[in-house]
Amino acid sequence: MDADVRDPSLAPRGRERIEWAAGEMPVLGLIRERFEKERPLEGVRIGACLHVTTETANLMLTLRAGGAEVALCASNPLSTQDDVAAALVEAGVPTQAIRGEDHETYFRHIRAVLDTHPHVTMDDGCDMVSLLHRDRPEQVPEVLGGTEETTTGVIRLRAMAADGALRYPIVSVNDAKTKHLFDNRFGTGQSTIDAIMRATNLLLAGRVIVVCGFGMCGRGVAARARGMGAQVIVTEVDPLPALEAAMEGYRVMPIAEAARVGDVFVTVTGDKGVIRREHLEVMKDGAILANAGHFDVEIDKAALAELAVSSRRVRDAVDEYRLADGRRLRLLGEGRLVNLAAAEGHPAAVMDMSFANQALSVEWLVGHHAELEPRVYPVPEEIDREVARLKLQAMGIAIDELTPEQEEYLRSWEQGT
């Protein structure tokens, strides 16, 4: 596959940043060392549609160390780090990704990766898998299995499986405890707040921040916003996380009420139309809108454009929409995944666990694909626990072990009061 990146001369800078990230990814580093010795992926072609970042670069190099032939494209038009893409090409990893690429180029790049006829797909959002099933059904039998990184992609995959449309097994890396309890909560929490602050230079202390959705990602955003001194409101459609948010001390209310009082709005649901026209119509002058979900469908951008009499870019990742009554609403990162559109994404230390799960899940798929059905599988528990063990080891943290007496007690039903 030919490469398509913005500027090959950016490679030296990308190489430096990839090396920096590697220093924060010791678990993936240990897996890479083993892969180099054992070569468990020898001859396996992997097609990856992921955010092209320093952390992803280290995953690609780990897979290649295991013997795989890898090809990479972006899973979001605004998430690519152009220097990283250039460095990967220099390192011999075919990469098709340009920050800010248009819709046509985005899907052309996905098709180019599929042209390599991968045995394993790695997706972040399910765009590659859905395109493969829809447009290239004759190619599907070549695929042994795949992995999916994010909540939105898993939702789409489970819908495919329920419809009988999914034709090969896929491991939901997103559902691993060492992924969603850490990446989704601590990674999304920190990187989303980081992006809002980088994009706006806003003081969050004392502001009213509305977090739409209280899943693991929403929990992280709410916690980090409160830690910065913000007053946090949570909106939800599910009574269980809504109740949890209330008992965590957050104010909980419908978005229709929150729209009138919020200073900053963050959508993090994985669903469409979370902030709609009727909410935009009542927001304060200067309200800031950010999306931390995978696709740019959570904030109704079409309604925002229709309400505006003018719009302009006021900062690098901030578009200001002026309404007929003079109010200004400010959209960050074009409504796309804000932590990558306006910042660098998750810290490498938390992506270390997510991508360790990716690498080990690919190895597991290659070894077990013949016994798997075409459905969504969880990451095997032994992989999840191994990633946690290696991360603790890398952090220099020791934990206790059960004594024989404790193990016997847990196995027994006769011992009690």
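Everything that follows concerns the structure shown earlier in this document.
Throughout what follows, the structure given in this document is the object of discussion. Throughout this document, residue positions are counted from 1 along each chain, in the order its sequence is written. For a predicted model such as this one, the threshold for reporting local features is a pLDDT of at least 70, and the threshold for listing and counting side-chain atom pairs is 80 or more; totals across whole chains, interfaces and linings nevertheless cover every residue. The side-chain numbers reported here are obtained from all heavy atoms of the structure, hydrogens and water having been left aside.

**Quick notes on the overall build of the chain**
Part 1: In terms of regular secondary structure, the chain is built from 17 helices and 15 strands.
Part 2: Within these notes, the globule rule equals 2.2 Å times the number of residues to the 0.38 power, and the radius of gyration is based on C-alpha atoms. Whereas a compact globule of 417 residues would reach a radius of gyration of roughly 22 Å, the chain reaches 22 Å, a difference of no more than 12%.
Part 3: Each principal axis of the C-alpha atoms in the chain carries an extent, and together these give about 70 × 65 × 45 Å.
Part 4: Per-residue accessibility, obtained with a 1.4 Å probe over protein chains only, is compared with the maximum for each type, and a residue is labelled buried under 20%, exposed over 50%, and partly exposed between these values. Burial statistics for the chain: of 417 residues in total, 55% are counted as buried.
Part 5: Note that accessible areas follow from Shrake-Rupley with a 1.4 Å probe, and for residues the cover is restricted to the protein chains shown. When the accessible surface of the chain is totalled, it reaches about 18500 Å², and 51% of it is carbon and sulfur.
Part 6: Neither His nor the chain termini are counted; the positive set is Lys and Arg, and the negative set is Asp and Glu. Each charge is placed at NZ for Lys, CZ for Arg, CG for Asp and CD for Glu. For the chain, the distance from the average position of its 46 positive side-chain charges to the average position of its 65 negative side-chain charges is 6 Å. The helix count covers DSSP runs of H or I at least four residues long, the strand count covers runs of E at least two residues long, and both are numbered beginning at the N terminus.

**Re the pairing of strand 7 (residues 208–212)**
If a strand is regular, its side chains alternate between the two faces of the sheet.
Part 1: The buried count for strand 7 comes to five of five residues, which makes it a mostly enclosed element.
Part 2: Of the two faces of strand 7, both are covered, the one formed by V208, V210 and C212 as well as the one formed by I209 and V211.
Part 3: Alignment of strand 7 against strand 8 (residues 231–235), held across five bridges, turns out to be parallel. From the neighbouring strand, V211 faces strand 8, where its bridge partner is V234.
Part 4: Following the chain from strand 7 across helix 9 (residues 216–227) to the adjacent parallel strand 8, one finds a crossover that is right-handed.
Part 5: DSSP bridges decide pairing: two strands pair if at least two such bridges lie between them. Sheet analysis places strand 7 next to strand 10 (residues 264–267), joined by four bridges and oriented parallel. When the sheet's bridge partners are listed, I209 is paired in strand 10 with V264. With strands facing away from the observer, any crossover in which the path from the first strand over the helix to the second runs clockwise is taken as right-handed.

**As for the side chain of S191**
Part 1: Mapped onto the fold, S191 is located in helix 8 (residues 177–200).
Part 2: Residue classification places S191 among the buried residues on the basis of a relative accessible area of 2%.
Part 3: Working rule for contacts: check all heavy atoms of both residues, and any pair within 4.5 Å makes them a contact. When neighbours within four sequence positions are excluded, S191 is seen to be in contact with N339, G345 and H346.

**Here we look at the layout of surface pockets**
Part 1: Lining residues are those with an atom within 4 Å of a point, where the points come from a 1 Å grid over the protein atoms alone and group into cavities, where a 1.4 Å probe fits but cannot get out, or pockets, open sets with protein on both sides within 12 Å along at least five of seven lines. Grid points are joined across faces, edges and corners, and a volume is the space filled by probe spheres set on the points. Considering only enclosed or pocket space, the largest pocket measures out at about 940 Å³ in volume.
Part 2: In terms of lining, the largest pocket is formed by 49 residues, of which the most central are T151, C217, V268, T269 and G270.
Part 3: When contributions to the lining of the largest pocket are tallied by element, the ones reaching two or more residues are helix 3 (54–65), helix 7 (151–162), helix 8, helix 9, helix 14 (338–341) and helix 15 (348–368).
Part 4: The element contributing the most residues to the lining of the largest pocket is helix 8, with five residues.
Part 5: Within the lining of the largest pocket, the residues separate by chemical class into 16 nonpolar, 21 polar and 12 charged.
Part 6: Computed from the structure, the second largest pocket encloses a volume of approximately 390 Å³.
Part 7: E381, D384, R385, A388 and R389 are the residues nearest the centre of the second largest pocket, which is lined by 17 residues in total. Classes in brief: Ala, Val, Leu, Ile, Met, Phe, Trp, Tyr, Cys and Pro nonpolar; Asp, Glu, Lys and Arg charged; the others, Gly included, polar.

**Topic: the packing of aromatic side chains**
The description of two aromatic rings rests on the distance between their centres and on the angle between their planes.
Part 1: When the centres of two rings from Phe, Tyr and Trp lie within 6.5 Å, Trp using its six-membered ring, the rings pair. Their planes under 30 degrees apart give stacked, over 60 give edge-to-face, and anything left gives tilted. Enumeration according to the criterion identifies three aromatic pairs in this entry.
Part 2: Arranged with centres 6.1 Å apart and planes meeting at 35°, the rings of F182 and F186 form a pair that is tilted. Of this pair, F182 and F186 are both found in helix 8, four residues apart, which corresponds to roughly one turn of the helix.
Part 3: Seen from their ring centres, F214 and Y250 are 5.7 Å apart, and the 65° between their planes marks the pair as edge-to-face. With a gap of 36 residues between them, F214 in the loop between strand 7 and helix 9 and Y250 in the loop between helix 10 (239–247) and strand 9 (251–252) connect regions that are remote in the sequence.
Part 4: A relative accessible area of 8% means that Y250 is categorised as buried.
Part 5: Above the plane of the ring of Y250 lies R226, whose end atom (NZ or CZ) is 4.1 Å from the centre.
Part 6: Any Lys NZ or Arg CZ found within 6 Å of a ring centre and within 35 degrees of that ring's normal is scored as a charge over the ring. Directly above the ring of Y377 sits R375, whose terminal nitrogen or CZ lies 4.0 Å from the centroid.

**Some words on unusual backbone geometry**
Part 1: Positive phi, close to 55°, is recorded for H117, a residue that is not glycine.
Part 2: Tracing the backbone shows H117 in the loop between helix 5 (103–114) and strand 4 (120–123).
Part 3: With a phi angle near 60°, N201 is a residue other than glycine that sits in the positive phi range.
Part 4: Mapped onto the secondary structure, N201 falls in the loop between helix 8 and strand 7.

**A word on the sheet that holds strand 15 (residues 376–378)**
Part 1: Read across the sheet, seven strands follow the order 3-2-1-4-5-6-15 without closing on themselves; strand pairing throughout is parallel. Of all the strands in the sheet, just strand 3 (95–96) and strand 15 have a single pairing partner and so form its edges.
Part 2: A fitted line through C-alpha atoms serves as each axis, taken over the contacting stretch for helices, and the angle formed by two N-to-C directions is quoted from 0 to 180°. The strands touched by helix 3 within the sheet are strand 1 (45–49), strand 2 (69–73) and strand 4, with strand 2 carrying the most contacts at an inclination of about 160°.
Part 3: Running over the sheet, helix 6 (residues 127–135) touches strand 1, strand 2, strand 4 and strand 6 (170–172) and is turned about 130° from strand 4.

**Overview of helix 8**
Part 1: Helix span, expected: 1.5 Å multiplied by one less than the number of residues in the helix. Relative to the 34 Å expected for 24 residues at 1.5 Å per residue, helix 8 spans 33 Å between its end C-alpha atoms, a close match to the ideal helical length.
Part 2: A maximum bend of about 35° is found in helix 8 at D183.
Part 3: In the stretch just after helix 8, N201 is the one whose phi turns positive, near 60°. Each residue is assigned a bend, namely the angle between axes fitted to the seven residues that terminate at it and the seven residues that start at it.

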